[in-house]
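A closer look at the structure
Here is how the chains run, residue by residue.
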Amino acid sequence: MKRILSGMQPTGNLHLGNYLGALKNWVSLQHQYESFFCMVDLHALTAHPNPAELRRNVIEGTAWYLAAGVDPSKSTLFIQSAVPAHTELMWILSCSTPLGWLNRMTQFKEKAGTKQEGANLGLYAYPVLMAADILLYKATHVPVGEDQKQHLELTREIAQSFNHRYKKDLFVVPEPLIFGSGTRVMGLKDGTKKMSKSDAAEGSRLNLLDDADTIMKKIRKATTDTAPFPGTIEETENRPEVRNLINIYSSLQGASPQEICHRFGGKNFSEFKQELAAVCVEVLSPIRERFLNLMKSPDHVEKILAEGAERANNLANSTLEEAKKAVGIG
């Protein structure tokens, strides 16, 4: 049976980039793979979140999973910290992971910047915990964005190295599932920067909580340029904001970028933006409504997480026991 494992940090209100880059794909993949989706709250600790906010964000994040269409009868949803095997396997893997491998990780360098000496160990060792997350469930495939591709490659190296060192065919070496460029959503104000919760400009992103009027206003004010709408996708090569809006429309509507260019080529951007806004409202508003309804009964969300944790623990503990026996502590 093919199996996937993926997750997101519980960091508050999600946006269109989270939906197109992860949630929309998960909903589709759950019909093709045995699926495990978690709220990676242990990873979130590297940024020292407010404890009360972290607990609230875990429930809200899970509600967004459900609102987007992740089905708990088809997928296992759980909180990372509710499965102690994650941290125990991380330590076992850490003892087999050379520092040189971690020193190659570009995401640590990007996040720590010039303050690497002051960065916490959790941020540095983040990829080893991610490897434990994946290998515990013997996931055959992992849906990842380009920014996580290097971490998955490290996971593959760790799995192969462990299997070789202990002469056991224990860990499955996972394959990446990388989706098209349309799933990488850029900001509405700057097409060269990824859509982000941390961007100070509220108009740079479509939050999943935005109502219809807010979505319409943000799309109307999205940055384009003074040239006419392109007739071919090749014409957007040096027009990142235009390409981004076309990719968003394509991902939501299912039409190819080239088809969109043929349809709107030479026209004013106002007509395209009006249709794009309508599509965004059509897709996102029902998700928002389902989320708001779920948050009226958070106990239901917590019950789903508890049931998911039980299933996740059963599988994770089995893998952990195999790993402990392999290294001589089980």
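All of the points below concern the structure found in this document. (Residues numbered from 1 in each chain as written. Predicted model: local features only at pLDDT ≥ 70, side-chain atom pairs only at ≥ 80, totals over all residues. Heavy atoms only, no water.)

Another aspect to go through is the layout of surface pockets. The space that makes up the second largest pocket amounts to roughly 190 Å³. Lining the second largest pocket are M90, W91, S94, C95, T97, L99, L102, L121, Y124, A125 and V128. Elements with a minimum of two residues in the lining of the second largest pocket: α4 (85-94), α5 (99-103) and α7 (121-136). Sort the elements by how many residues they give to the lining of the second largest pocket and α7 lands first, with four residues. Here the residues of the lining of the second largest pocket sort into nine nonpolar, two polar and no charged. (1 Å grid on protein atoms, 1.4 Å probe; cavity = no way out; pocket = protein on both sides within 12 Å on 5 of 7 lines; lining within 4 Å. Points joined across faces, edges and corners; volume = space filled by probe spheres on them. Helix = DSSP H or I, 4+ residues; strand = E, 2+ residues; numbered from the N terminus. Nonpolar A, V, L, I, M, F, W, Y, C, P; charged D, E, K, R; others polar.)

In this section: the packing of aromatic side chains. Evaluated as defined, the whole model comprises 14 aromatic pairs. Note on W26 and Y65: the rings are 5.0 Å apart at their centroids and 90° apart in plane angle, and the pair reads as edge-to-face. Residue W26 is found in helix α1 (residues 16-29), and its partner Y65 is found in helix α3 (residues 51-68); the two are separated by 39 residues along the sequence. The burial state of W26 is the same as that of Y65; both residues are buried. Ring geometry for F108 and Y124: centres 5.2 Å apart, planes at 80°, overall edge-to-face. With a gap of 16 residues between them, F108 in helix α6 (residues 106-112) and Y124 in helix α7 connect regions that are remote in the sequence. What makes Y124 buried here is its relative accessible area of 17%. One aromatic cluster in this structure is built from F229, Y249, F264, F269 and F272. The ring of Y33 carries K2 above its face, with NZ or CZ at 4.7 Å from the centroid. (Phe/Tyr/Trp six-rings, centres within 6.5 Å; stacked < 30°, edge-to-face > 60°. Buried < 20%, exposed > 50% of the residue type's maximum accessible area, 1.4 Å probe, protein only. Lys NZ or Arg CZ within 6 Å of the ring centre and 35° of its normal.)

In a packed pair of helices, the relevant descriptors are the angle between the two axes and the axis-to-axis distance. One way to put it is that α4 packs onto helix α13 (residues 298-327) with a least axis distance of 10 Å and a crossing angle of 25°. On the basis of their axis angle, the class for α4 and α13 is roughly parallel. Crossing angle aside, the handedness with which α4 passes α13 is left-handed. In contact with A85, E88, L89 and I92 of α4, α13 contributes A316, N317, L320, A323, K324 and V327. When the residues that make up the contact of α4 with α13 are grouped by side-chain class, the tally is seven nonpolar, one polar and two charged. (Axes fitted to C-alpha atoms, helices over the stretch in contact; angles between N-to-C directions. Parallel < 35°, antiparallel > 145°, perpendicular 65-115°, else oblique. Left-handed = near helix turned anticlockwise from the far one by under 90°. Contact = heavy atoms within 4.5 Å.)

Below, the discussion takes up the side chain of N313. Mapped onto the secondary structure, N313 falls in helix α13. At 3.1 Å, the side chain of N313 and the backbone oxygen of A82 are in polar contact. (Polar contact = N/O pair within 3.5 Å; in protein donor to acceptor, adjacent residues only side chain to side chain.)

All right, on to the nonpolar core then. Ranked by size, the top nonpolar core spans 60 residues in total, and within it L16, Y19, Y65, I248 and F272 carry the most contacts. Tallying contributions element by element places helix α12 (residues 269-294) first for this core, with eleven residues. Setting aside chain neighbours within four positions, we find Y65 in contact with G7, M8, L23, W26, F37, C38, M39, V70 and L77. Within the second largest apolar cluster, 45 residues are counted, among which are L89, A125, I158 and L320. (Core = buried A, V, L, I, M, F, W, Y, C linked by side-chain atoms within 4.5 Å.)

Of all six residues that make up strand β1 (residues 3-8), five are buried, and the element is covered over most of its length. Where β1 and strand β2 (residues 34-39) come together, six bridges link them in parallel fashion. Each bridged residue has a counterpart across the sheet, and for G7 the counterpart in β2 is C38. As for the winding sense of the linkage, the β-α-β connection from β1 through α1 to β2 is right-handed. (Pairing = 2+ DSSP bridges. Right-handed = clockwise from strand over helix to strand, strands pointing away.)

Turning next to the packing of helix α10 (residues 240-253) against helix α11 (residues 257-264). Interaxial distance between α10 and α11 falls to 9 Å at its minimum, and their mutual angle equals 110°. With respect to their mutual orientation, α10 and α11 come out roughly perpendicular. Where α10 crosses over α11, the handedness of that crossing is right-handed. Residues I246, N247, Y249 and S250 of α10 form the contact with α11, whose own contacting residues are P257, I260, C261, R263 and F264.

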